[in-house]
Number of protein chains: 2
Amino acid sequence: MRDDDPVLLGHGSGGEMTARLIGSVILPSLFPDGNVPPQEDAAPLSVSGTDLVITTDSYIVDPFIFPGGTIGDLAVNGTINDIVMGGGVPAALTIGLILEEGLLAGDLRRVLRAAGETARSAVVPLLAGDTKVVPRGKGDKIFINTSGIGVRRPGVLVPSAKSIRPGDALIVSGTVGDHGVAILSAREGLSFAAPVVSDTAALHGLVDDLYAAGIEIHALRDPTRGGLATVAVEWAESAALSFTLDERSIPVAPAVAGACELLGLDPTLVANEGKLLAAVPLEQADAAVAVMRRHPLGRHAAIIGRASEGVAGRVTMTSLIGGHRIVHRLPGELLPRIC
Amino acid sequence: MRDDDPVLLGHGSGGEMTARLIGSVILPSLFPDGNVPPQEDAAPLSVSGTDLVITTDSYIVDPFIFPGGTIGDLAVNGTINDIVMGGGVPAALTIGLILEEGLLAGDLRRVLRAAGETARSAVVPLLAGDTKVVPRGKGDKIFINTSGIGVRRPGVLVPSAKSIRPGDALIVSGTVGDHGVAILSAREGLSFAAPVVSDTAALHGLVDDLYAAGIEIHALRDPTRGGLATVAVEWAESAALSFTLDERSIPVAPAVAGACELLGLDPTLVANEGKLLAAVPLEQADAAVAVMRRHPLGRHAAIIGRASEGVAGRVTMTSLIGGHRIVHRLPGELLPRIC
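What you are looking at is a predicted structure, and each value in this text was computed from that prediction instead of being measured.

Participant: For this particular structure, what's the right way to read the sheet that holds strand β1 (residues 43-47) of chain B?
Facilitator: Strand pairing in a sheet is mediated by backbone hydrogen bonds. Such pairs are either parallel or antiparallel. Residues and elements named next belong to chain B. As summarised here, the arrangement of the five strands in space is β1-β2-β7-β5-β6, forming an open sheet in which the pairing is mixed. Two strands bound the open sheet, and with one partner strand each, they are β1 and β6 (126-134). Geometrically, the sheet is characterised by an average inter-axis angle of 20 degrees between neighbouring strands, direction not taken into account. Judged from the eight bridges that link them, strand β5 (residues 88-100) and β6 form a sheet pairing that is parallel. Note that in β6 the partner of T94 across the bridge is A128. This element, helix α3 (residues 105-121), spans β5, β6 and β7 (142-152) of the sheet and lies at about 175 degrees to β5.

Participant: Would you mind showing me how to read the domain arrangement of chain A here?
Facilitator: Accessible area lost upon the coming together of the parts serves often as the stated size of an interface. Residues and elements named next belong to chain A. For chain A, the assigned domains read domain 1 (41-152) and domain 2 (161-326). On a C-alpha basis, the centres of domain 1 and domain 2 stand 24 Å from each other. Facing 17 residues of domain 1, the contacting portion of domain 2 comprises 19 residues. Interface area, domain 1 with domain 2, both sides summed: about 1600 Å², of which 62% is carbon and sulfur. Of all residues in domain 1, P67, N81 and M85 bury the most surface against domain 2, accounting for 33% of the area lost on that side.

Participant: Is there a simple way to explain the relation of the copies chain B and chain A in this structure?
Facilitator: Superposition of the two copies of the chain requires a rotation about an axis together with a shift along that axis. Rotating chain B by 180 degrees about the axis while translating it 0.0 Å along that axis superimposes it on chain A, leaving an RMSD of 0.0 Å. Within this description, the copies of the chain are treated as partners about a two-fold rotation axis. Looking at the rotation axis and the C-alpha trace of chain B, the residue lying nearest is G139(B), at 2.0 Å. Interface overlap between copies is the fraction of interface residues in one copy that are interface residues in the other; for chain B against chain A it reaches 100%, indicating a shared surface.

Participant: Would you mind showing me how to read helix α6 (residues 227-239) of chain B here?
Facilitator: The periodicity of an α-helix, 3.6 residues per turn, causes residues three or four places apart in sequence to face the same way. Residue and element names in this part refer to chain B. Look at α6: 19 Å from first C-alpha to last across 13 residues, which is about the 18 Å you get at 1.5 Å a residue. Most of α6 is tucked away, with 10 of its 13 residues classed as buried. Listing the buried residues of α6 in full gives G227, L228, A229, T230, V231, A232, V233, W235, A236 and A239. Buried residues along α6 sit in contact with β8 (169-172), β9 (219-221), β10 (242-246), β11 (277-280), β12 (302-308) and β13 (315-318). The positive-phi residue at the C-terminal boundary of α6 is A240, with phi of around 55 degrees.

Cut-offs applied
- Residues numbered from 1 in each chain as written.
- Chains lettered and ligands numbered in written order.
- Predicted model: local features only at pLDDT ≥ 70, side-chain atom pairs only at ≥ 80, totals over all residues.
- Heavy atoms only, no water.
- Pairing = 2+ DSSP bridges.
- Helix = DSSP H or I, 4+ residues; strand = E, 2+ residues; numbered from the N terminus.
- Axes fitted to C-alpha atoms, helices over the stretch in contact; angles between N-to-C directions.
- Contact = heavy atoms within 4.5 Å.
- Domains from an automatic or database assignment.
- Buried area = accessible area lost by both parts, 1.4 Å probe.
- Least-squares fit on C-alpha atoms with pLDDT ≥ 70 in both.
- Expected span 1.5 Å × (residues − 1).
- Buried < 20%, exposed > 50% of the residue type's maximum accessible area, 1.4 Å probe, protein only.

As structure tokens, then:
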């Protein structure tokens, strides 16, 4: 981007445009020496001999109260998930609020109660906070930043796309697209035959179960902005492998599938907030799916694809009717302010 | 506050109204069981036997580029300072961006270069980041959250207002009010005989020097929103002591004093971003001032008051002309969006 180019909404999509903004503006400015930290959900850090991971996320979801959750539980779940996807066991969170003048105290209470409950039920303390207020028209009711630290799991590989091996199976923990469709339906006042609610949830327990069962997790990511397909493309590029995905095996709730068809959306590009994608050795794939299906957040877990040698970074989808297509990451903005 | 009361700009002041919002809405909602973490600049946390501190701050300063700095260096300095005031040695920072559609790439570059340079010169890595974009009119160019972790200094007291003892001296590291007046002059297009620039700076080196000299620091705080007077009142209340401050000894740069007089502002209520207030034993006060004055950020350090038994929470100021007045924390909003 040139200096007089403006930031556009699509730069917040989590897809191709976000990658360009980060690659051409943000990273070169922050790290002009090229010494750029790896781009994963959470960053590793060793302090006084203790291996930690740290992460940060800002939430700007519109509406901030939506079917299945609020921006408060979304933020807490999202940051817990980033720590977990980075190979950490969550240890503490911080919460920073940017409130727009005029926000009702009752709405703020509802959001913060949800955040507090979510943190308590995940047994992760909210230890530090900050509150700012902006004038009307300079914000949008409430934005939340949650940052967090976790302790790296001892004795296991730190999950990373670079650890994916040819032959690995790709597993998704459940139906895709629920969060994005729930937000869109709330925003646009759409209603479908079956109500669609956000899947916002903290995935630490599901991941604990996988490790407890001895599953060797090569890569782990929660497919939020950009959806499952965007993560698959990023992984295939990082690992320099080809992926083949089978659309018939990707779980999509009927109401979400119907809504996506109606709205012309591809559910594999729609955001999730309580799902994970894992790459595991093929011989452990069935066991991993079985472990997930025993957990309430993994009941619809499924093997959806394979990694293999081949064109580096190419992801191919076998469609519902048996055709093949190349999968691309989300190009620009699909649904602004989804999280 | 009742559920149908709106959040007002004054709730972001850092003064009395902020304390009410936090006390009546934020903490009871996040922690309904009353199990509230202590309200200091940074929170202590022990992980696998390592003593850490964590902190978070969002920055919404307007204008985001101002005399003496940008929102980028302000955010990095501010979070480093919160870690240091909490008794930590900074180990890592995160940076979360909320960009408004239309922000120019060149302005974003300028802000992030300043953030990156500031972090590098303080030798604190920026390890994790996040970028969100909001539509025009739903934000204001750029908001930044910086969160951070530090390692607790071994073998020293964690600074806390509760550790202030009767007889302690109160020391400020330099002139007060510079940041607030710089922002106000930029925002309102005011110009003064001598230019006023923000004092934004990272204070870890100054604090290192105090510890290295064997100064026993009881309490430590950077007087940002609400200024020096608000911190003094908060400390006196937490410590259940009386403070007497001497206005004649509080350093104020002539240009800042002039601007405050013109604008009807009390410089002890105006925000600073590169100053600290310390409570130390009286017998070490002169040594502490001497140490500070040898550091570039402490050249105007001065003893400005004393703690004593007496009415708990009362702060009295001896004025320039020798009178006495009770000092109150900042009641509402003085200068919105100062940091």
